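# Fold and geometry: a report
Residues per chain are reported as follows:
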Amino acid sequence: MSSPVIVLVGPMGVGKSTVGRLLAERLGVAYRDTDDDIVTAEGRTVADIFVDEGEPAFRAIEKRAVRTALTEHEGVLALGGGAILDADTRALLAGLPVVYLSMDVEEAVRRTGLGAARPLLAVNPRKQWRELMEARRHLYEEAATAVVPTDGRTPEEVTEAALNALELKDV
Ligand code: SKM
């Protein structure tokens, strides 16, 4: 069974796709993103799935998508921001090189604003972010091999920090 060379976890908007692509380029491997897998498989946006079917249905779809990607993908894999809410998913991550890209609440508000494509943040984003971070921070940390703060850093700097943290610098 294959597994990813790096799994990225962290909140939406932290830069998992940008950094994930840069990491994949540096390591000469493919990039994959479970949100993209879900959109392709379902033929509709994540926001539409939330609206049409609700969050529990999305989480069930996401859980399957993460499991498949973890067993199929040998490159860099970014997980949706809430994937770590699932205990079985966290168990599947044990032993894998998991990087938690972190950011503080103010940075999160600044980066994501009021984007309609982000259904969990449609109303009162600062309060939502604070609650979301409080509820999830320990889950991200529990899942992670390395924590890489992104505040005030460029995607290139975050990429270097992630490679250093995993000691993949010379690969
Ligand atoms: O998976 C998407 C979706 O918008 C839910 C989410 C979350 O719960 O933080 C993050 C996104 O990646």
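Now for a description of the structure that goes with this document. (Residues numbered from 1 in each chain as written. Predicted model: local features only at pLDDT ≥ 70, side-chain atom pairs only at ≥ 80, totals over all residues. Heavy atoms only, no water.)

By the secondary structure assignment, leucine 23 is in helix H1 (residues 16-27). On a C-alpha basis, the gap between leucine 23 and glutamate 160 in space is 8.5 Å, while along the polypeptide they are 137 residues apart. (Helix = DSSP H or I, 4+ residues; strand = E, 2+ residues; numbered from the N terminus.)

Turning next to the nonpolar core. If you look at the biggest cluster of nonpolar residues, it comprises 29 residues, and the most contacted ones within it are Ile6, Leu8, Leu23, Val76, Val99, Leu101 and Trp129. Mapped by element, the contributors of at least two residues to this core are strand S1 (6-9), H1, strand S3 (76-78), strand S4 (98-102), helix H6 (105-112), helix H7 (125-143), strand S5 (146-149) and helix H8 (155-165). Not counting residues up to four positions away in its chain, the partners in contact with leucine 23 are Ile6, Leu8, Val76, Thr159, Ala162 and Leu163. Counting residues in hydrophobic clusters, the runner-up holds 17 residues, among them Ile84, Tyr100, Tyr140 and Ala143. (Core = buried A, V, L, I, M, F, W, Y, C linked by side-chain atoms within 4.5 Å. Buried < 20%, exposed > 50% of the residue type's maximum accessible area, 1.4 Å probe, protein only. Contact = heavy atoms within 4.5 Å.)

With that out of the way, let us pick up the side chain of arginine 32. When you line up the elements, arginine 32 lands in strand S2 (residues 31-33). Within the local environment of arginine 32, its side chain forms a polar contact with the side chain of aspartate 37, the two groups lying 2.7 Å apart. Beyond its immediate sequence surroundings of up to four residues, arginine 32 is in contact with Asp37, Thr68, Ala69, Glu72, His73, Val76, Leu77 and Ala78. (Polar contact = N/O pair within 3.5 Å; in protein donor to acceptor, adjacent residues only side chain to side chain.)

All right, on to the pairing of S4 then. In terms of burial, S4 is largely enclosed, as five of its five residues are buried. Here S4 shows two buried faces, one formed by Val98, Tyr100 and Ser102 and the other by Val99 and Leu101. Direction of pairing for S4 relative to S5: parallel, over a ladder of four bridges. Bridge pairing links leucine 101 to valine 148 in S5. (Pairing = 2+ DSSP bridges.)

If you walk through the whole model with that rule in mind, you get 15 salt bridges. Linked through salt bridges whose partners overlap, the residues forming this network are Glu42, Arg44, Asp52 and Glu53. (Salt bridge = Lys/Arg side-chain N within 4 Å of Asp/Glu carboxyl O.)

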